[in-house]
Amino acid sequence: MQTTIKTIPILPFGMLNAFLVTGAGGPILVDSGLPGSAPAIGPVVKAAGLEWNDIKLIVLTHGHIDHAGAAAQLRALTGAPVLYHAAETGYCMGEKPVLRPTRLFGRLFRMTGAIERPFPPVSADIPMDGNIFDLKTLGLEGTVLHTPGHTPGSVSLLLPSGDVLAGDLAASGILLGGIALRGRPERPPFEEDPRLAARSLEELLSKGTTRFHLGHGGPLGAQAIARHANRLKQL
Ligand SMILES: [Zn+2]
Ligand SMILES: [Zn+2]
């Protein structure tokens, strides 16, 4: 079965994306969006000819509210297990995130308090504490790689096609991604460790990744990501 990646617009204009990956073994939901996002995700699941309980796995790229906020709701709807990295447990279970704004937008965004709002905590049904988790062990396609930098426990789902779902390891466009300049890589509004993010991006490139699907803006090609990683290393 051909693997397909469907972008789920949690917010319009690419400002916030989740993803539905359908491939051998069954569909995977990557990220859940903000709390209460099920009505935004449902139509994409339906359009793919699927029901909620067809979803086999929910992967959270990291524990920020805009990615993990609806995970508990979606687990209840789908019955699918949730996988995230052990280093992200605090954020997924209600700890306030460390927010290092990368630019004015991040500082303004932090002032709204929106990203620090509590959300329904979500435990990991499938804990991952190493650098690599081959989904073959679950009968699914793809590899989850520990790609820290944006947060300590950020992960990326790498598919055999060379596509990667990399969460907030990079972003593109203005504001929260989208609207304009979507082809231009940007740092996400918050980033805990840019050098570590650069190393993670380079690791993904070294594995032959050709297309980076992102939580905000995107997708971006390998060249744009390589340029972005170089820029991060100069910071
Ligand atoms: Zn984030
Ligand atoms: Zn985000």
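Here, the structure is the one placed above.
No experiment lies behind these values; they were computed from the predicted model shown. (Residues numbered from 1 in each chain as written. Chains lettered and ligands numbered in written order. Predicted model: local features only at pLDDT ≥ 70, side-chain atom pairs only at ≥ 80, totals over all residues. Heavy atoms only, no water.)

1. Observations regarding helix α1 (residues 38–47)
Residues three or four positions apart in an α-helix share a direction because the helix packs 3.6 residues into each turn. Turning to α1, its buried residues number three or more, namely Ala38, Ile41, Gly42, Val44 and Val45. Packed against the buried residues of α1 are β1 (4–11), β2 (16–22), β3 (28–30) and α3 (71–78). Backbone geometry just downstream of α1 places Gly49 in the positive-phi region, at approximately 80 degrees. (Buried < 20%, exposed > 50% of the residue type's maximum accessible area, 1.4 Å probe, protein only. Helix = DSSP H or I, 4+ residues; strand = E, 2+ residues; numbered from the N terminus. Contact = heavy atoms within 4.5 Å.)

2. Some remarks on the environment of His216
Tracing the chain through its elements places His216 in the loop between β13 (211–213) and β14 (220–221). Note: C-alpha distance between His216 and His85 (131 residues apart in sequence) is 20 Å.

3. Describing the coordination of the zinc ion (ligand 1)
Surrounding the zinc ion (ligand 1) are the protein donor atoms His62 (NE2), His64 (ND1), His150 (NE2) and Asp168 (OD), at 2.1 to 2.3 Å. Taken together, the four donor atoms surrounding the zinc ion (ligand 1) define angles of 92 to 166 degrees at the centre, an arrangement classified as irregular. The distance between the zinc ion (ligand 1) and the zinc ion (ligand 2) is 3.3 Å, with Asp168 acting as a donor to both metals. In this pair, His62 sits in the loop between β4 (57–59) and α2 (65–68) while His150 sits in the loop between β8 (143–146) and β9 (155–158), placing the two residues 88 residues apart along the sequence. For His150, a relative accessible area of 1% puts it in the buried group. (Donors = N, O, S within 2.8 Å, 3.2 Å for Na, K, Ca; no water. Tetrahedral: all angles 85-135°; square planar, octahedral: opposite > 155°, others 65-115°.)

4. Observations concerning the coordination of the zinc ion (ligand 2)
Here the zinc ion (ligand 2) is held by the protein donor atoms Asp66 (OD), His67 (NE2), Asp168 (OD) and His216 (NE2), which lie 2.1 to 2.2 Å from it. If you look at the zinc ion (ligand 2), its four donor atoms make angles of 88 to 161 degrees with each other, and the shape they trace is irregular.

5. Structural notes on the sheet that holds β8
Taking strand neighbours across the sheet as the criterion, the six strands line up as β7-β8-β9-β10-β13-β14 in an open arrangement whose pairing is mixed. Of all strands in the sheet, those with a lone pairing partner are β7 (132–134) and β14, marking the two edges. Here β9 pairs with strand β10 (residues 163–165) via two bridges, running antiparallel. The residue bridging Leu157 from the neighbouring strand is Leu165, located in β10. Strand contacts of helix α6 (residues 194–206): β8, β9, β10 and β13, with the helix running at about 135 degrees to β13, the strand carrying the most contacts. (Pairing = 2+ DSSP bridges. Axes fitted to C-alpha atoms, helices over the stretch in contact; angles between N-to-C directions.)

6. Things to note about the sheet that holds β3
What the six strands build is an open sheet, ordered β1-β2-β3-β4-β5-β6; its pairing is mixed. The outermost strands of the open sheet, each flanked by one partner alone, are β1 and β6 (126–128). Strand after strand, the sheet turns through a mean of 20 degrees between neighbouring axes, direction not considered. Pairing of β4 with strand β5 (residues 82–85), which is carried by two bridges, proceeds in the parallel orientation. For Val59, the partnering residue across the bridge sits in β5 and is Leu83. Contacts from α1 reach β1, β2 and β3 within the one sheet, and its direction differs from that of β1 by about 155 degrees.

7. Things to note about the nonpolar core
With 29 residues, the main nonpolar core has Ile8, Leu29, Ile41, Ile58, Leu60, Leu74 and Val122 as its most contacted residues. Of all the elements in the fold, those that place two or more residues in this core are β1, β2, α1, α2, α3 and β5. The greatest single-element share of this core, amounting to four residues, is contributed by α1. Apart from the residues lying within four places of it in its own chain, the contact partners of Ile8 are Leu16, Asn17, Ala18, Phe19, Leu20, Leu29, Ala40, Ile41 and Val44. (Core = buried A, V, L, I, M, F, W, Y, C linked by side-chain atoms within 4.5 Å.)

8. What to know about the pattern of salt bridges
Evaluated as defined, the whole model comprises six salt bridges. One salt bridge connects Lys233 with Glu202, and the closest N-O pair in it is separated by 2.8 Å. Taken as a pair, Lys233 in helix α7 (residues 222–234) and Glu202 in helix α6 lie far apart in primary sequence, 31 residues in all. Judged by its relative accessible area of 37%, Lys233 falls in the partly exposed class. Here Glu202 falls in the partly exposed class, since its relative accessible area comes to 30%. Within the structure, one salt-bridge network assembled from shared partners comprises Arg103, Arg184 and Glu186. (Salt bridge = Lys/Arg side-chain N within 4 Å of Asp/Glu carboxyl O.)

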